[in-house]
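Fold and contact review
Spelled out from the first residue to the last, the chains are:
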Amino acid sequence: MEEQKKNMLSLIQPTNTPHLGNYLGAMQNWVKLQNDYNCYFGIADLHSITVRQDPVKLRNQIKESYALLIAAGLDPEKSTLFVQGHNSNHAELSWILSCYTQFGELSRMTQFKDKSAKHADNINAGLFTYPVLMAGDILLYQSDLVPVGADQKQHIEIARDIAIRFNNAYGETFKVPEGFIPKFGARVMSLQDPSMKMSKSDPNPNGFVAIMDDPSVIMKKFKRAVTDSDTFIAFDPENKPGVSNLLSIYTSFTGLTMDEAVKHFDGLGYGSLKTEVAEAVIAGLEPVQNEYKKILSDKAYLEKIMADGAEKASAQARKTLRKVYRKVGLA
Ligand code: TRP
């Protein structure tokens, strides 16, 4: 039974403050997918040091993002939940794959270009080989499917190219992965500028709702959300992007269809819409927030599941790495 399920893998960086967009666009989907796939979900701590980090903060953020995976509903018994840096196979495979990746193809990566423009004083080699480490993450677990946002598509492409190149040189070694865009992921827009994706780097902090925001803060942010100068509630992302974004968040948390949601708000004003959406978000996040706090306060439990996850991940990754060593002639 287990063997027939496809492998799915995705990692998140521990340094991004998780917000509603990450939750509805990624984590909530992962929870739904964990029964249908053989899932590997992890924390990309090694990727995060391509940008300078404060060690004390980083150490905490790794634990916090791991705790959030579990608080969001991922089950460490069903899925393999791990921290990349706790499993040395990632760094090892990354080195080997870097010898099968061309300077030219890494130079064309748009994220490298963007990040080197943003961090002009620290254009380190890790920033350049970032996609190779990511290819290693994916290929180590023979992943079939990799759920990611649109900004990571180019990285999936290069992982595929590296896998195909290696397989052509040495015979079937890696599964060639595919990107995976879940059908039900909501695209959450900024509450202040609904033409932009919700982002923690929104210049206006009222534009995004962090998963750990207090209920009063969540309410305040929704009350200040941008709508439009009409007075009726309808789902029309083109002409009513603000109202439509609120409706879409509402359906994600209530499980209602869009038609049902629109009907529910029939005859009501924007004030009630904002309050009810905020209430649905607060109620939906409450169990996640409570569970998160509980896990973080139980250090022994957290360390135990992290260690178990690392062991499970390593055992799987080691199989692939051994094969690679043999194929290349290192073993
Ligand atoms: N680069 C991804 C991001 O910033 C994180 C990541 C690292 C990842 N390794 C991965 C995503 C492997 C999917 C698969 O979002």
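Up top is the structure these notes are about.
Residues numbered from 1 in each chain as written. Predicted model: local features only at pLDDT ≥ 70, side-chain atom pairs only at ≥ 80, totals over all residues. Heavy atoms only, no water.

**Some words on the overall build of the protein chain**
Of the regular secondary structure elements, the protein chain holds 13 helices and five strands. Taken over C-alpha atoms, the radius of gyration comes to 21 Å for the protein chain, in line with the 20 Å a tight globule of 331 residues would show. Scored against the burial criterion, the 331 residues of the protein chain give a buried share of 48%. Here the protein chain displays about 16,000 Å² of accessible surface, and carbon together with sulfur accounts for 52% of that area. If you average the places of the 38 positive and of the 38 negative side-chain charges in the protein chain, the two averages end up 5 Å apart. (Helix = DSSP H or I, 4+ residues; strand = E, 2+ residues; numbered from the N terminus. Rg over C-alpha atoms; globule rule 2.2 N^0.38 Å. Buried < 20%, exposed > 50% of the residue type's maximum accessible area, 1.4 Å probe, protein only. Areas by Shrake-Rupley, 256 points an atom, 1.4 Å probe, with all protein chains shown as cover. Lys, Arg positive; Asp, Glu negative; His and termini not counted. Charge placed at Lys NZ, Arg CZ, Asp CG, Glu CD.)

**Some remarks on the packing of helix α4 (residues 89–98) against helix α13 (residues 299–328)**
Think of two packed helices as two axes; the pair is described by the angle between the axes and how far apart they sit. Following both chains from N to C, one finds α4 and α13 inclined at 25 degrees, their axes separated by 10 Å at the closest point. As judged from the angle between their axes, α4 and α13 are roughly parallel. As for the relative orientation of α4 and α13, their crossing is left-handed in sense. Of the residues in α13, those touching α4 at Asn-89, Glu-92, Leu-93 and Ile-96 are Ser-314, Ala-317, Arg-318, Leu-321, Val-324, Tyr-325 and Val-328. Residues of the contact of α4 with α13, tallied by class, amount to seven nonpolar, two polar and two charged. (Axes fitted to C-alpha atoms, helices over the stretch in contact; angles between N-to-C directions. Parallel < 35°, antiparallel > 145°, perpendicular 65-115°, else oblique. Left-handed = near helix turned anticlockwise from the far one by under 90°. Contact = heavy atoms within 4.5 Å. Nonpolar A, V, L, I, M, F, W, Y, C, P; charged D, E, K, R; others polar.)

**Some details on the pairing of strand β1 (residues 7–12)**
Bridging between β1 and strand β2 (residues 38–43) involves six bridges; their strand directions are parallel. Residue pairing across strands places Ile-12 opposite Ile-43, the latter belonging to β2. In terms of handedness, the path from β1 via helix α1 (residues 20–33) over to β2 forms a crossover that is right-handed. (Pairing = 2+ DSSP bridges. Right-handed = clockwise from strand over helix to strand, strands pointing away.)

**Remarks on the site of the ligand**
Around the ligand sit 13 residues, and of these His-47, Tyr-130, Met-134, Asp-137 and Gln-152 come closest. Within the side chain of Tyr-130, one N or O atom sits 2.7 Å away from a nitrogen atom of the ligand. Gln-152 places a polar side-chain atom, nitrogen or oxygen, 3.0 Å from a nitrogen atom of the ligand. For the ligand, whose unbound accessible area comes to 360 Å², protein coverage reaches 89%. (Near = heavy atom within 4 Å. Polar contact = N/O pair within 3.5 Å; in protein donor to acceptor, adjacent residues only side chain to side chain.)

**Some thoughts on the pattern of salt bridges**
Within this structure, the stated rule accounts for eight salt bridges. Across the pair Glu-92 and Arg-318 runs a salt bridge, and its minimum N-O distance is 3.3 Å. With Glu-92 in helix α4 and Arg-318 in helix α13, the pair connects residues that are 226 residues apart, well separated along the chain. Given a relative accessible area of 25%, Glu-92 falls into the partly exposed group. Taking relative accessible area as the criterion, Arg-318 reaches 31% and is therefore assigned partly exposed. (Salt bridge = Lys/Arg side-chain N within 4 Å of Asp/Glu carboxyl O.)

**Things to note about helix α8 (residues 153–170)**
The first and last C-alpha atoms of α8 sit 26 Å apart over 18 residues, in line with the 26 Å expected at 1.5 Å per residue. Among all positions of α8, only His-155, Ile-156, Ile-158, Ala-159, Ile-162, Ala-163, Phe-166 and Asn-167 are buried. (Expected span 1.5 Å × (residues − 1).)

**So, the nonpolar core**
The biggest cluster of nonpolar side chains holds 59 residues, and the ones touching the most others in it are Leu-20, Tyr-23, Tyr-66, Phe-222, Ile-249, Phe-253 and Val-281. Of all the elements in the fold, those that place two or more residues in this core are α1, β2, α3 (55–71), β3 (80–83), α9 (215–223), α10 (241–254), α12 (270–297) and α13. Leu-9, Met-134, Val-148 and Ile-158 belong to the second-largest nonpolar core, a separate cluster that totals 33 residues. (Core = buried A, V, L, I, M, F, W, Y, C linked by side-chain atoms within 4.5 Å.)

**Concerning unusual backbone geometry**
You will see that Gln-142, though not glycine, has its phi angle at about 50 degrees, which is positive. Relative to the assigned elements, Gln-142 resides in the loop between α7 (125–140) and β4 (145–147).

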